[in-house]
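Chain and residue survey
Single-letter residue listing:
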Amino acid sequence: MNANNIETCLEYTDSKKLDSDTLKILYKDMVLGRNFEDLCAKMYYRGKMFGFVHLYNGQEAVSSGVVKALNHSDYVCSTYRDHVHALSKGVPAKEVMAELFGKETGCCKGRGGSMHIFSAPHNFLGGFAFIGEGIPVAVGAAFQSLYSKKVLKEAGEMKVAVAFFGD
């Protein structure tokens, strides 16, 4: 990167500063994600949660930064590290935790467990066990959004679809 590119980047970031309310929202979301994952780790290591639990500790800023930039109507697909993505998308922590314990009050009625959290009301299209498995689902959601807008001429903004993948 040359000096001109660096100056351009600095000018752009200076003009796009986040206000204090946005920073508080992002911070609160990151803290919720970290505390939630820490509690999951405690419960899992005590033998209270069954199956596998894949934690997202240290990656909370990724989820908060991406998901909080979306509209409520936009779509998110995740991997098996999906707890924090679901929380960032607005799925209540109580429902996500109940899901991890296999409870009927969970967002998937206790059937999804840690790796397969899903919430239609929040347009959280699920966590997928294989890395990259959510990409075609996100592409389908994006196509549906484009088709609805361009072909069906539906009003409103076009929805965005985000796929988290990798590890």
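Above this note sits the structure.
Residues numbered from 1 in each chain as written. Predicted model: local features only at pLDDT ≥ 70, side-chain atom pairs only at ≥ 80, totals over all residues. Heavy atoms only, no water.

1. Focus on the pattern of salt bridges
Keep this limit in mind: Salt bridges, as used here, are contacts in which a Lys or Arg side-chain nitrogen is within 4 Å of a carboxyl oxygen on Asp or Glu. For the purposes of this entry, the term helix denotes a DSSP run of H or I that reaches at least four residues, the term strand denotes a run of E that reaches at least two, and both are numbered from the N terminus. For the exposure calls, accessible area comes from a 1.4 Å probe over protein chains only, and a residue counts as buried if that area is under 20% of its type's maximum, exposed if over 50%, partly exposed in between.
Scanning the entire structure with this criterion turns up 2 salt bridges. Notably, a salt bridge pairs R34 with E60, separated by 2.7 Å at the nearest N-O pair. Within this pair, whereas R34 is found in helix α2 (residues 20-45), its partner E60 is found in helix α3 (residues 60-67), the two being separated by 26 residues in sequence. Note on E60: relative accessible area 6%, which makes it buried.

2. Quick word on unusual backbone geometry
Even without glycine at this site, K109 takes up a positive phi of about 60 degrees. Among the secondary structure elements, K109 is positioned in the loop between α5 (93-100) and β2 (124-127). On the accessibility criterion, K109 (45% relative accessible area) is partly exposed. Phi is positive for N123, close to 55 degrees, though the residue is something other than glycine. Looking at the element boundaries, N123 is found in the loop between α5 and β2.

3. Brief notes about the packing of α2 against α3
We apply this condition: Each axis is a line fitted through C-alpha atoms, taken for helices only over the stretch in contact, and angles between the N-to-C directions span 0 to 180 degrees. Note on terminology: angles under 35 degrees are roughly parallel, angles over 145 are roughly antiparallel, angles of 65 to 115 are roughly perpendicular, and the others are oblique. Note on convention: the crossing is left-handed when the near helix lies turned anticlockwise from the far helix by less than a right angle, right-handed when the turn is clockwise. Whether two residues touch is decided by their heavy atoms; if any such pair falls within 4.5 Å, the residues are in contact. Three classes are used: nonpolar for Ala, Val, Leu, Ile, Met, Phe, Trp, Tyr, Cys and Pro, charged for Asp, Glu, Lys and Arg, and polar for all others, with Gly counted as polar.
Interhelical geometry of α2 versus α3 gives an angle of 135 degrees and a closest axis separation of 9 Å. Viewed along their axes, α2 and α3 adopt a mutual orientation that is oblique. Here the hand of the crossing between α2 and α3 comes out right-handed. Across from L26, D29, M30, G33 and R34 in α2, the residues of α3 making contact are E60, A61, S64 and G65. Classifying every residue of the contact of α2 with α3 gives 3 nonpolar, 3 polar and 3 charged.

4. What to know about α2
Residues lying three or four places apart along an α-helix face the same way, a consequence of the helix completing one turn every 3.6 residues. How we decide: Expected helix span is given by 1.5 Å per residue-to-residue step, counting one fewer step than there are residues. Contacts described as polar in this section are N or O atom pairs within 3.5 Å, which, within protein, must combine one atom able to donate a hydrogen with one able to accept it, while residues neighboring in sequence count only if both atoms come from side chains.
Between the first and last C-alpha of α2 there are 37 Å, a value that for 26 residues agrees with the 38 Å anticipated at 1.5 Å per step. L26, D29, G33, F36, E37, C40, A41 and M43 are the residues of α2 that are buried. Here the buried face of α2 lies against α3, α4 (83-89) and α5. Taking the backbone nitrogen of D21 as reference, a side-chain oxygen 3.1 Å away marks D19 as the first, capping residue of α2. Positive phi appears at G47, one or two residues downstream of α2, with a value of about 80 degrees.

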